[in-house]
Amino acid sequence: MNIITTKNYEELSKKAAELVAQQLQQKPNSVLGLATGSTPLGLYSQLIKLHQSGQLFFKDVVTFNLDEYFGLSGSDEHSYHHYMFANLFNQLDIASANIFIPDGLIPLTEIKRYCFDYEQSIIDHRGIDLQFLGIGNNGHLGFNEPGSSFNSVTRLVDLSANTITANARFFSDQNLVPRQAITMGLATIMKARKIVLLASGIAKAEAVRQAVVGEVTELVPASILQQHRDVTLILDPDAASALK
Ligand code: F6R
């Protein structure tokens with residue numbers, strides 16, 4: 001694992017954007033795996049700046065998002081569709097046909113087929129070149145909660161109580177946080193050619209420590225990253241603080 005500890009969140013975001021720029025320079029039609037949540041917001045602002053100043057173009061880029069709440073429509077302001085368009089895609093030159101985000105309104109009867117097709121669509125695009133991840137306080141990746149199989153693929157999952165509490169800050173009432181989500185699996189994530197995990201803040205320090213130097217166990221989903229050939233962690237000092 002390559003670990004970069006930055007001075008602060010702004011530097012973390014700039015470093016992450018640099019990695020995107022390098023990737024797109026080498027391969028303008030790269031397939032990017034994207035996350036939502038608080039952590040990548042700085043990265044997305046940096047990408048918008050680079051695009052608006054004519055330094056970075058997304059015309060040929062393809063993106064696959066990690067996850068989406070189950071039961072929310074893409075127009076719901078809490079959906080990850082809404083988040084991605086509001087915080088990134090609306091400001092870029094990316095083609096809408098190249099954007100893939102799980103559909104939270106797929107009927108239960110069609111969900112298996114839908115998840116299979118999502119997985120297949122990644123394969124049809126020759127796999128993810130560069131996958132960005134955040135990490136949950138409980139070590140989750142995407143919505144792969146502790147106990148998720150290392151062999152898991154895209155599927156419908158239940159959110160853990162810890163995640164519901166952590167994500168309640170985005171909702172007016174904790175009871176409004178969806179209880180289920182569609183998420184790429186851990187095996188899906190591990191197939192990406194390069195992985196970059198971003199973590200900021202003291203609340204992530206213990207999860208980062210367990211992911212980096214802890215036992216590789218399904219109880220800490222992020223610990224699977226120890227088995228990937230090309231992982232970079234970009235941390236701020238608080239998130240890195242338990243590593244020493
Ligand atoms: C979001 C996702 C989650 C978050 C994680 C950290 O698409 O997959 O795993 O990356 O919960 O969230 P923040 O960045 O809000 O602390």
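What this report covers is the structure whose coordinates are included nearby. (Residues numbered from 1 in each chain as written. Predicted model: local features only at pLDDT ≥ 70, side-chain atom pairs only at ≥ 80, totals over all residues. Heavy atoms only, no water.)

## Digging into the nonpolar core
Next up, step 1: In terms of nonpolar packing, the biggest core is built from 33 residues, with Phe64, Leu133, Ile135, Leu141, Met184, Leu197 and Leu225 touching the most fellow members.
Next up, step 2: Breaking this core down by element, the ones donating at least two residues are β3 (62-65), α4 (111-124), α6 (186-190), β9 (194-199), α7 (205-213), β10 (231-235) and α8 (237-240).
Next up, step 3: The residues contacting leucine 141, other than those within four sequence positions of it, are Leu133, Gly134, Leu186, Ile189, Leu197, Pro221, Ala222, Ile224 and Leu225.
Next up, step 4: Leu19, Leu34, Leu43 and Leu130 belong to the second-largest nonpolar core, a separate cluster that totals 29 residues. (Core = buried A, V, L, I, M, F, W, Y, C linked by side-chain atoms within 4.5 Å. Buried < 20%, exposed > 50% of the residue type's maximum accessible area, 1.4 Å probe, protein only. Helix = DSSP H or I, 4+ residues; strand = E, 2+ residues; numbered from the N terminus. Contact = heavy atoms within 4.5 Å.)

## Concerning the environment of leucine 243
Next up, step 1: Inspection of the secondary structure assignment puts leucine 243 in the segment after α8.
Next up, step 2: With a relative accessible area of 24%, leucine 243 lands in the partly exposed category.
Next up, step 3: Taking C-alpha positions, leucine 243 is 40 Å from tyrosine 114, a pair spaced 129 residues apart along the chain.
Next up, step 4: Beyond its immediate stretch of four places on either side in the chain, leucine 243 contacts Ile3, Val208, Arg209, Val212 and Leu235.

## Focus on the packing of aromatic side chains
Next up, step 1: The tally for this structure, following the rule as stated, stands at 9 aromatic pairs.
Next up, step 2: Seen in terms of ring centroids, phenylalanine 64 and phenylalanine 100 are 4.5 Å apart; in terms of plane orientation they differ by 10°. Their pairing is stacked. Of this pair, phenylalanine 64 sits in strand β3 while phenylalanine 100 is found in strand β5 (residues 99-100), placing the two residues 36 residues apart along the sequence.
Next up, step 3: Taking the relative accessible area as the measure of exposure, phenylalanine 64 reaches 0% and is therefore buried.
Next up, step 4: Note on phenylalanine 85 and phenylalanine 89: the rings are 5.3 Å apart at their centroids and 75° apart in plane angle, and the pair reads as edge-to-face.
Next up, step 5: Among the residues examined, phenylalanine 89 registers a relative accessible area of 4% and is labelled buried.
Next up, step 6: Among the aromatic residues, those joined into a ring-pair cluster are Tyr44, Tyr69, Tyr80, Tyr83, Phe143 and Phe171. (Phe/Tyr/Trp six-rings, centres within 6.5 Å; stacked < 30°, edge-to-face > 60°.)

## Thoughts on the site of the ligand
Next up, step 1: The local shell around the ligand holds 13 residues, among which Thr39, Asp67, His140, Gly142 and Lys204 are the closest.
Next up, step 2: Within the side chain of threonine 39, an N or O atom sits 2.4 Å from an oxygen atom of the ligand.
Next up, step 3: A distance of 2.7 Å separates an oxygen atom of the ligand from a polar atom in the backbone of glycine 142.
Next up, step 4: Relative to its unbound accessible surface of 410 Å², the ligand loses 93% to contact with the protein. (Near = heavy atom within 4 Å. Polar contact = N/O pair within 3.5 Å; in protein donor to acceptor, adjacent residues only side chain to side chain. Areas by Shrake-Rupley, 256 points an atom, 1.4 Å probe, with all protein chains shown as cover.)

## Some thoughts on the packing of helix α1 (residues 9-26) against helix α2 (residues 41-52)
Next up, step 1: At their nearest, the axes of α1 and α2 sit 8 Å apart, and the two run at 55° to each other. By the criterion of interaxial angle, the relationship of α1 to α2 is oblique. Here the hand of the crossing between α1 and α2 comes out right-handed. In this structure, α1 uses Tyr9, Ser13, Lys14, Ala16, Ala17 and Val20 to contact α2, whose residues at the interface are Leu41, Gly42, Leu43, Gln46, Leu47 and Leu50.
Next up, step 2: Considering only residue class, the contact of α1 with α2 consists of 8 nonpolar, 3 polar and 1 charged. (Axes fitted to C-alpha atoms, helices over the stretch in contact; angles between N-to-C directions. Parallel < 35°, antiparallel > 145°, perpendicular 65-115°, else oblique. Left-handed = near helix turned anticlockwise from the far one by under 90°. Nonpolar A, V, L, I, M, F, W, Y, C, P; charged D, E, K, R; others polar.)

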